[in-house]
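Single-letter residue listing:
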Amino acid sequence: MPVATPSPAAAKPRCVILGCGGHGRVVLDILVNAGAHDVVGFVDSDRSLAGRRIDGLRVLGSPDDLLRIRQEFDVARAIVAIGDNGVRRDFADRLAALDFELINAIHPSANLARNVSLGRNIVIAAGALVCAHCQIGDSVILNTGCIVDHETLIGTATHVCPGARLAGRVTVESGAFVGIGATIIQSVRIGYESIVGAGAVVIADVAPMSTVVGVPAREIHTFGRTPATAPSVADLQRWMLPELAAGASRP
Ligand SMILES: CC(C)(COP(=O)(O)OP(=O)(O)OC[C@H]1O[C@@H](n2cnc3c(N)ncnc32)[C@H](O)[C@@H]1OP(=O)(O)O)[C@@H](O)C(=O)NCCC(=O)NCCS
């Protein structure tokens, strides 16, 4: 009797997607298109979704069920698909503490230079371009069609929204959000936890924890100069790329 050969899908490493909202569906599409993983299900904090199917994929339970899910479905890999930068980073820490291997989801139509360095738990969506010598930290989203030009540093748990364009040698510090269609000129530093509004054109450094909008970008909210709300240097060292952490410890 012939021995059944395993299907190619069975040979792929299994993974779960944490978060089944809009971004979770995008990440599912990317992983299916990339074809490197067998996606076994979603995990979501909303317990009422357990057992439901989202885009054909079952919601297996909540983050509190991760150890059970890991055993029951023999799955050791995961990715966090949550848009909020802080929540995404916290869940990545939680998964890592449970010994899940955090994977990256890179759409086949994204174009990455050969010397780009990548952390983990990263999503790079369809049509994104990442040029030479860029460094992309953990839990970053480079969304649909964004452009990240040469030697740009993207800190941990940041989100570069669809169609945003970052020129060369830009630094995006940890937790920052670059809105849809924003443009950042070369060598500018976007401070940690700051927000760049949709369509803004940023021509000067953005203060940490501030919000800028418009052309050229102007500040509309400033929290970055309030020491009581600023993250500690230890936080920054945990969240940022080494280069950024060095900058953060400067007086
Ligand atoms: C920047 C942003 C976060 C501001 O939100 P907010 O703090 O709630 O600010 P408000 O909506 O109260 O607006 C404050 C002022 O800024 C203006 N403003 C807000 N966003 C702006 C933008 N993107 N461009 C220009 N002006 C903007 C408002 O018109 C308002 O002006 P006014 O005081 O003269 O009336 C938001 O408007 C934005 O652009 N978000 C990005 C969304 C995005 O990229 N989504 C993609 C997800 S993948």
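Up top you'll find the structure we're talking about.
The shown structure was predicted, so the numbers you read here are calculated from the model rather than taken from an experiment. (Residues numbered from 1 in each chain as written. Predicted model: local features only at pLDDT ≥ 70, side-chain atom pairs only at ≥ 80, totals over all residues. Heavy atoms only, no water.)

(A) Here's a closer look at unusual backbone geometry. In this model, Val-215 is joined to Pro-216 through a cis peptide bond whose omega is -10°. On the secondary structure map, Pro-216 appears in the loop between β24 (210-213) and β25 (218-222). At Asp-74, a position not held by glycine, the phi torsion is positive, near 50°. Within the element layout of this structure, Asp-74 appears in the loop between α3 (66-72) and β5 (77-80). In this model, Glu-193 sits at a positive phi of 60°, which is unusual for a non-glycine residue. Position of Glu-193 among the secondary structure elements: in the loop between β21 (189-190) and β22 (195-196). (Helix = DSSP H or I, 4+ residues; strand = E, 2+ residues; numbered from the N terminus.)

(B) The arrangement of the sheet that holds strand β10 (residues 123-124) in detail. Pairing is mixed across the open sheet formed by eight strands, whose spatial order is β7-β10-β13-β16-β19-β22-β24-β25. On the outer flanks of this sheet lie β7 (105-106) and β25, each paired with one strand and no other. In the sheet, β7 pairs with β10 via two bridges, with the strands oriented parallel. Within β10, the position partnered with Ala-105 by the bridge is Val-123. (Pairing = 2+ DSSP bridges.)

(C) Representation of the nonpolar core in the model. Core analysis: the largest hydrophobic core is formed by 29 residues, its most contacted members being Ile-136, Leu-142, Ile-154, Leu-166, Ile-184, Ile-190 and Val-196. If near-sequence neighbours (up to four positions away) are discounted, Leu-142 is found in contact with Val-123, Ile-124, Ala-125, Ala-128, Val-130, Ile-136, Val-148, Ile-154 and Val-160. (Core = buried A, V, L, I, M, F, W, Y, C linked by side-chain atoms within 4.5 Å. Buried < 20%, exposed > 50% of the residue type's maximum accessible area, 1.4 Å probe, protein only. Contact = heavy atoms within 4.5 Å.)

(D) A look at the site of the ligand. For the ligand, the full set of nearby residues is Cys-161, Pro-162, Phe-177, Gly-179, Ile-180, Ile-195, Gly-197, Ala-198, Thr-211, Val-213, Ile-220 and His-221. A distance of 2.9 Å is found between an oxygen atom of the ligand and a backbone nitrogen or oxygen belonging to Ala-198. For the ligand, an oxygen atom lies 2.8 Å from a polar atom in the side chain of His-221. When the ligand sits alone it has 910 Å² of accessible area, and the protein chains cover 43% of it. For the shell around the ligand, the secondary structure elements donating two or more residues are β24 and β25. For the shell around the ligand, the residue count by class is eight nonpolar, four polar and no charged. (Near = heavy atom within 4 Å. Polar contact = N/O pair within 3.5 Å; in protein donor to acceptor, adjacent residues only side chain to side chain. Areas by Shrake-Rupley, 256 points an atom, 1.4 Å probe, with all protein chains shown as cover. Nonpolar A, V, L, I, M, F, W, Y, C, P; charged D, E, K, R; others polar.)

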